[in-house]
Protein chains: 2
Amino acid sequence: MPRTVKARADVLPALAEVFREYGYEGASLSLIGQRTELGKGSLYHFFPGGKEEMANAVLDEIDGWFETRMFKPLRDEADASAAIRAMLADTLSYFRSGRRVCLVGALALGDARDRFAERINVYFAAWRDALASALVRQGLDESEARPLAEDAVALIQGGLVAARAMDDPSLFERLLARLETRLLPPAKS
Amino acid sequence: MPRTVKARADVLPALAEVFREYGYEGASLSLIGQRTELGKGSLYHFFPGGKEEMANAVLDEIDGWFETRMFKPLRDEADASAAIRAMLADTLSYFRSGRRVCLVGALALGDARDRFAERINVYFAAWRDALASALVRQGLDESEARPLAEDAVALIQGGLVAARAMDDPSLFERLLARLETRLLPPAKS
DNA sequence: GTCAGATTGTACTGATCAGTACATTCTTGA
DNA sequence: TCAAGAATGTACTGATCAGTACAATCTGAC
């Protein structure tokens, strides 16, 4: 039954975008239906648990993407600096220069926070820890790497808020460019 | 008719807290009624424009608080460093070490963004510009002050997101402490 | 072709939403 | 004391919410 799997996975990007744009509570089933081009029958066929299962499926996909694409390289790649540069580039493109919101961050601020609290926590902690690991392999002490990674994750999230608030994607780009100079070791080639 | 004015103003703190906790759409009138201990009759008596007028009243109060308490001193106070230190201390206490969310930031990420887009934009821009002004008076070039102020505002917003996401108020405190060392001139007394 | 099961559309449910209408109660100034 | 108007409680409106039920349709294996 390849079609079942395909159809459910096909819906996830549209689903994610609805949650990103409207938040958990704001993403009504009628809106979800429009964006995914699926009726209620199909939606509840694929996601018997309703909205909560939809959001969890989206979060699963996001977790998977960040884990394999960013966190794992940050933890494991031999060239830590390259992994950090790749992380920044991926961050820029994933969030569309700040035009796209971080769903996890939006959930953290919104009214559905408690419902996904554990997942939200894990996502942020994983990002911070993976980045700190890369910084340590770059030669920093744990005691320097930890705070720097903490700053970086917060700066990225805040950059998304600020870029959206001021409707200025270039702000997010500038933020990431400056962050790169703080995260990479000075004047190596 | 002093009582009218008093009653309306008395409701604003509770109103603000509801919007902060549940977002604009999530703050239902029944919830607002409970928290403010006002029935629908009273709420629509004080705010004939409904929820939107309530949110605008709250934003007015927030704007006023930040303007007089933080932005104006940052722009005008003779001792720029003292104003920056005061800003950081006020930020810490206002947001309750990250336990309290920034309503403006939450609105920026949420589904009611378009409704308050202009106000949100102005709030962020005012903070950045006021801080940049203080940095310039501290001796920085405009070209250094601008990016640093931009970073600071984003870091604060991101700190609120991250502190809430990881349920760790001390994270917000650490962030602000490190930010202070970046904003104040090194080793003066 | 046929049939089991996957998929889908439609019509419901009861709850809750923002907002309105309005009669009642309270407060205040004279 | 008493009216004017401020303040409030209650009962509504129609819309929309998440979720359910179920019959109709489609699909692929045989």
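Remember, predicted model here, so these are calculated numbers, not experimental data.

What counts, and where the lines are drawn
- Residues numbered from 1 in each chain as written.
- Chains lettered and ligands numbered in written order.
- Predicted model: local features only at pLDDT ≥ 70, side-chain atom pairs only at ≥ 80, totals over all residues.
- Heavy atoms only, no water.
- Buried < 20%, exposed > 50% of the residue type's maximum accessible area, 1.4 Å probe, protein only.
- Helix = DSSP H or I, 4+ residues; strand = E, 2+ residues; numbered from the N terminus.
- Contact = heavy atoms within 4.5 Å.
- Buried area = accessible area lost by both parts, 1.4 Å probe.
- Salt bridge = Lys/Arg side-chain N within 4 Å of Asp/Glu carboxyl O.
- Polar contact = N/O pair within 3.5 Å; in protein donor to acceptor, adjacent residues only side chain to side chain.
- Nonpolar A, V, L, I, M, F, W, Y, C, P; charged D, E, K, R; others polar.
- Least-squares fit on C-alpha atoms with pLDDT ≥ 70 in both.
- UniProt positions renumbered as here; feature names shortened; annotations may be inferred.

J.: Run through helix H2 (residues 29-36) of chain B, naming residues and quoting values.
T.: Here H2 of chain B has its buried residues at Leu29, Leu31, Ile32, Gly33 and Thr36 of chain B. Positive phi appears at Glu37 of chain B, one or two residues downstream of H2 of chain B, with a value of about 55°.

J.: Please provide a residue-by-residue account of the interface of chain B and chain A, values included.
T.: Facing 36 residues of chain B, the contacting portion of chain A comprises 36 residues. Overall, the association of chain B and chain A removes approximately 3100 Å² of surface from exposure, summing both partners, and the carbon and sulfur fraction of that is 62%. Where chain B packs against chain A, one counts six salt bridges. The partner of Arg174 of chain A in a salt bridge is Glu150 of chain B, with the nearest N and O atoms 2.7 Å apart. There are twelve residue pairs in polar contact (both at pLDDT 80 or more) connecting chain B and chain A. If you list the elements that add at least two residues to the side of chain B that touches chain A, you get helix H1 (2-26), helix H6 (103-109), helix H7 (117-137), helix H8 (142-165) and helix H9 (169-183) of chain B. Top contributing element to the side of chain B that touches chain A by residue count: H8 of chain B, with twelve residues. Tallied by class, the residues present in the side of chain B that touches chain A amount to 18 nonpolar, seven polar and eleven charged.

J.: Describe the relation of the copies chain B and chain A, naming the residues involved and giving the relevant values.
T.: Mapping chain B onto chain A leaves a residual RMSD of 0.0 Å; the transformation is a rotation of 180° accompanied by 0.0 Å of translation along its axis. These values place the two chain copies in the arrangement generated by a two-fold rotation axis. Residue Gly158 of chain B of chain B places its C-alpha closer to the rotation axis than any other residue of that unit, at 1.7 Å. The fraction of interface residues of chain B whose copies in chain A are also interface residues reaches 100%, indicating that both copies meet through the same surface.

J.: Explain the pattern of salt bridges residue by residue, including any values.
T.: The tally for this structure, following the rule as stated, stands at 36 salt bridges over all chains. Across the pair Arg100 of chain B and Glu17 of chain B runs a salt bridge whose closest N-O atoms are separated by 3.3 Å. Of this pair, Arg100 of chain B sits in the loop between helix H5 (80-94) and H6 while Glu17 of chain B sits in helix H1, and the two are 83 residues apart along the sequence. With a relative accessible area of 12%, Arg100 of chain B lands in the buried category. The partly exposed category is assigned to Glu17 of chain B, whose relative accessible area is 22%. A salt bridge links Glu52 of chain B to Arg115 of chain B; the nearest nitrogen and oxygen atoms lie 2.8 Å apart. Remark: Arg115 of chain B occurs in the loop between H6 and H7 and Glu52 of chain B occurs in helix H4 (residues 51-76); sequence separation between them is 63 residues. Note on Arg115 of chain B: relative accessible area 42%, which makes it partly exposed. Members of the salt-bridge network, linked through shared partners, are Glu150, Asp151 and Arg182 of chain A together with Asp168, Arg174 and Arg178 of chain B.

J.: A description of the UniProt feature "DNA-binding region" (unreviewed entry) in chain A should follow, citing residues and the corresponding values.
T.: Listed under "DNA-binding region" (unreviewed entry) in the UniProt record, and renumbered for this structure, are residues 28-47 of chain A. Helix and strand shares over residues 28-47 of chain A are 75% and 0% respectively, and the end C-alpha atoms of the span are 15 Å apart.

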